[in-house]
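Reading the structure
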Amino acid sequence: MKDPTMTDAATLTLWNDPALPIDERVDALIAEMTVAEKVAQLYGVWVGASADGEDVAPHQHDMSDDVELDDLLPSGLGQLTRPFGTAPVDPAIGALSLQRAQQRIVDANRFGIPALAHEECLAGFATWGATAYPVPLSWGATFDPALVREMGERIGADMRAVGVHQGLAPVLDVVRDARWGRVEETIGEDPYLVGTVATAYIQGVESAGVVATLKHFVGYSASKGGRNLAPVSVGARELADVLLPPFEMALRESGVRSVMNSYTDLDGVPTAADESLLTGLLRDEWGFEGTVVADYFSIAFLKDLHGVADGWTDAAARALSAGIDVELPTVKTFGADLVRAVEDGVVAEELVDRALRRVLRQKAELGLLDADWSPVPPALAAAAADSVEDVRGTVDLDPPRNRALARRIAEEAIVLLRNDGVLPLAQGNAPRRIAVIGPVADDPYAVLGCYSFPSHVGVRHPEFPLGIALPTLRESLEAEFPEAEISHVPGTTIDGGETDGFADALATASAAEVVVLALGDRAGLFGRGTSGEGCDAADLTLPGAQQALLDAVLQTGVPTVVTLLAGRPYALGAAPERAAAIVQSFFAGEEGTGAIAGVLSGRVNPSGRLPVSIPRDPGAQPSTYLASRLARRNDVSNIDPTPAYPFGHGLGYAPAVWSDAESSASEITADGAVTVSIHVGNAGDRDGVEIVQLYLHDPAASVVRPVQRLIAYARVPLGAGERARVSFEVPADLASFTGRDGRRVIEPGEIVLGFGRSSGEIVATRSVRIVGEPRHVDHTRRLHATVVVTPDE
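Within any chain, residue numbers begin from 1 and follow the written order of that chain's sequence. Given that this is a predicted model, residues contribute local features only at a pLDDT of at least 70 and side-chain atom pairs are listed and counted only at 80 or more, while totals for whole chains, interfaces and linings are drawn from all residues. Values shown for side chains rest on all heavy atoms present in the structure; no hydrogens or waters enter the calculation.

1. A short note on the overall build of the protein chain
- Helix and strand definitions here come from DSSP, where helices need a minimum of 4 consecutive H or I residues and strands a minimum of 2 consecutive E residues; each element is numbered from the N-terminal end. Helix and strand counts for the protein chain come out as 24 helices and 28 strands.
- Its C-alpha atoms give the protein chain a radius of gyration of 27 Å, within 12% of the compact-globule value 28 Å for 793 residues.
- Overall size of the protein chain, expressed as C-alpha extent along the three principal axes, is 85 × 70 × 55 Å.
- Whether two residues are in contact is decided by their heavy atoms: any pair within 4.5 Å suffices. Residue pairs at least 24 apart in sequence account for 79% of intrachain contacts in the protein chain once pairs closer than 6 positions are excluded.
- Each accessible area is a Shrake-Rupley result for a 1.4 Å probe, and residues are judged covered by the shown protein chains and nothing else. Total accessible area on the protein chain is roughly 27,300 Å²; 49% of this is exposed by carbon and sulfur atoms. Each radius of gyration reported is based on C-alpha atoms, and the globular scaling rule is 2.2 Å times the count of residues to the power 0.38.

Right, here's the structure in full:
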């Protein structure tokens, strides 16, 4: 290796030159770097932007060692962790702070390489004052990837404007047990829905020039007992056919440039040390060329939690060998001890170089190695200002355009589960006396998930304002029904179990014409909420005394609209039979309560569909519709797992008529395709939307298959009285599954294609026989049906 003091200008010009091939530039830079400089590019430092505009300061954490930037920066720095998402800061001042920090980093290392800054963006850019969009479970409820893509683009553009390069989203975990606290972060319980919606979100983020990050690869959501960070013992078939397909789709179709490993272990092998997953499958088989970043502290967990490493350096070596490139959130195992181990030959330098090449390629793609790179973010470039007061208040991360988009998503995500005719409330004679009861009715946080900035960080800083407008459901109902007398009584708290407020609640309910009963969750972290990371549930009973409140209000006989503002599905006791209506929302974001009020009044015709099943019994498992015959109701078990409302269910105010299902063929070969179609019509007097879902049933296969499996869907807007034909060209590839020999196969035999209003309501079916020899396929198989919607003349 060259003496680092002898770096020549010609080599620097080489790697700084954007006209040269990236690989040539990266190779030239690596050849000049010391081991310490190489390793420095492979870790982040957790920082927080300064409220006074000075550069960032290290954020200390109980899993972190003390970090002195002055000691680290001469060797360089790979990433800055959450400069905006660690404490409240005016976004313009945060951008200035990040700018100054980047200049400090560039000035300190001899190659002038800036850090890559990353942030959370699960339901919007997780920083003070940024738009809080609906959580991913609401994205799934829209069945509208195009709208989600638009949101991803807006989130990416906002991050890029203030100097952020990478977003740690989306979550592609498929719900397997709704007791898991992170259900709110997922898109749903079906791998096809998860894959299509997540891919659209990634396309949006990446189109803005920001690196999206697939997480958590893989198996995190299948933990035993629905517990966070618990062991996973799924079989190879469940892994291949349920948990991996969303990642396959996203890697093929989205342009995603980063992947984050899962915390969990699969059958005893921690993902952070699993070479078969992170290198064999992800890179060698699927061809991924981006970076793999460690979920926070997951490399250290190889020693502390998993017990497969006997020290920090051993943990680092195992992670590098498996295929992890970057340690996040801060330097712990990739520090000075790893540098010494590489210099002493204990850890192969080739492992460091392999990770470094991926990191530097990504920095080159982002323009961070270009000679003309500037630390000034786009949001501050036009102002040409360098003082705090010059920039304060100049960056708006929640403009009207964002709020309008958040409103559209929220309105499409509200699911009407039940309606005996009481809704919409503004139809005919609107009620004059409305009782708004429940612990989340007047709570501004009731629409936010645990990774929204106010819930994630803001709650630790009560001296700061929320930063965004968060109307409560009570306030939105008052705005929606200005002529009505609205009385509010909480009745109980979210999870305290109190019943002493029941009498007041029941008296208020009895005096009203209709009750809006608002129940649900409080998002939090690690036991500080009823939903969110580390907030798992023992069963799917509503938290606290909310079920008892629900039962008591229903007993009054006053028409009751049960309104759920939650992060997961809950069993609702007798409500599916006795409530006048049930409206389900999943943390619908800053515009969520207005969307709910619009559905109740009829201003919004609900079109959301369930991305997760609603259980009938709080302890019945499985909670996912992807179940085999043995997992369904039968005569040999006294437990009935049939859901109250199945995956895909949802009602609207415009009655829909489905008819005339057709198929282009009764037989196809294993490499062929069949087109099936159905007419859908709006028989009502107002515009509406139908979600046509196509399911595949395999009556006899060589291995046990789920009874129904979603393979395609279409969101079909229909004006009053309109009809359309919805056609799906279904390739035989969509009938493939993992066979007994571990290979994906399309078997000869009958398949049944069903048009469903939900997974539990198949309106019409068409049987097709696959003929000929079995055909094996791989990750290059066709993943989608071709969907065509043709309006009737």
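Next comes the rest of the account.
2. Observations concerning the sheet that holds strand 22 (residues 723–731)
- One bridge is not enough; two strands pair if DSSP finds at least two bridges between them. Taken in spatial order, the four strands make up an open sheet running 17-19-22-28, and their pairing is antiparallel. The open sheet terminates on both sides in strands that have one partner only, identified here as strand 17 (656–663) and strand 28 (786–791). Taken pair by pair, the neighbouring strands of this sheet meet at an average axis angle of 20°, ignoring direction.
- The pairing of strand 17 with strand 19 (residues 673–682) spans six bridges and is antiparallel. By the bridge assignment, Ala 656 is partnered in strand 19 with Asn 682. In this description, a line fitted to the C-alpha atoms serves as the axis of each element, helices being fitted only across the stretch in contact, and the angle between N-to-C directions of two axes falls anywhere from 0 to 180 degrees.

3. Here we look at the packing of helix 20 (residues 473–480) against helix 24 (residues 592–601)
- At a minimum axis separation of 8 Å, helix 20 and helix 24 run at an interaxial angle of 45°. Here helix 20 is positioned oblique relative to helix 24, judged by the angle of their axes. The hand of the helix 20/helix 24 crossing is right-handed. Packed against helix 20, whose contacting residues are Leu 473, Ser 476, Leu 477 and Glu 480, the element helix 24 presents Thr 593, Gly 594, Ile 596, Ala 597, Gly 598, Leu 600 and Ser 601 at the interface.
- When residue character is reported, Ala, Val, Leu, Ile, Met, Phe, Trp, Tyr, Cys and Pro are called nonpolar, Asp, Glu, Lys and Arg charged, and the others, Gly included, polar. When its residues are assigned to classes, the contact of helix 20 with helix 24 shows five nonpolar, five polar and one charged. Oblique is the label for any angle not under 35 degrees, not over 145, and not in the 65 to 115 range, which are roughly parallel, roughly antiparallel and roughly perpendicular in turn. Crossing handedness is defined as follows: a turn of the near helix away from the far one that is anticlockwise and smaller than a right angle gives a left-handed crossing, while the clockwise case is right-handed.

4. Topic: the sheet that holds strand 25 (residues 749–758)
- What the five strands build is an open sheet, ordered 18-26-25-20-21; its pairing is mixed. Unpaired on one side and paired on the other, strand 18 (667–669) and strand 21 (709–718) mark the two borders of the sheet. In this sheet, adjacent strand axes meet at a mean angle of 30° when their direction is disregarded.
- With nine bridges joining them, strand 20 (residues 688–697) and strand 21 adopt antiparallel strand pairing.

5. Regarding the nonpolar core
- Formed by 187 residues in total, the largest nonpolar core has its most connected members in Tyr 201 and Phe 217.
- Per element, the largest residue contribution to this core is eight residues, and it comes from helix 8 (residues 191–207).
- In this structure, Ala 410, Val 561, Val 583 and Ala 588 belong to the second largest nonpolar core, which totals 36 residues. Here, nonpolar core means buried Ala, Val, Leu, Ile, Met, Phe, Trp, Tyr and Cys residues that are tied together by side-chain atoms lying within 4.5 Å of each other. Remark: exposure states derive from per-residue accessible area (1.4 Å probe, protein chains only) relative to the maximum for the residue type, with buried under 20%, exposed over 50%, and partly exposed in between.

6. Topic: the pairing of strand 20
- When you tally the buried positions in strand 20, you get nine out of ten residues, the bulk of the element.
- Where strand 20 lies against strand 25, five bridges are found, and the strand directions are antiparallel. Residue pairing across strands places Tyr 695 opposite Gly 754, the latter belonging to strand 25.

7. Considerations on the environment of Ser 233
- One can find Ser 233 in the loop between strand 6 (211–217) and helix 9 (236–243).
- Given a relative accessible area of 44%, Ser 233 falls into the partly exposed group.
- The spacing of Ser 233 and Ser 223 is ten residues in sequence and 7.6 Å in space, taken between C-alpha atoms.

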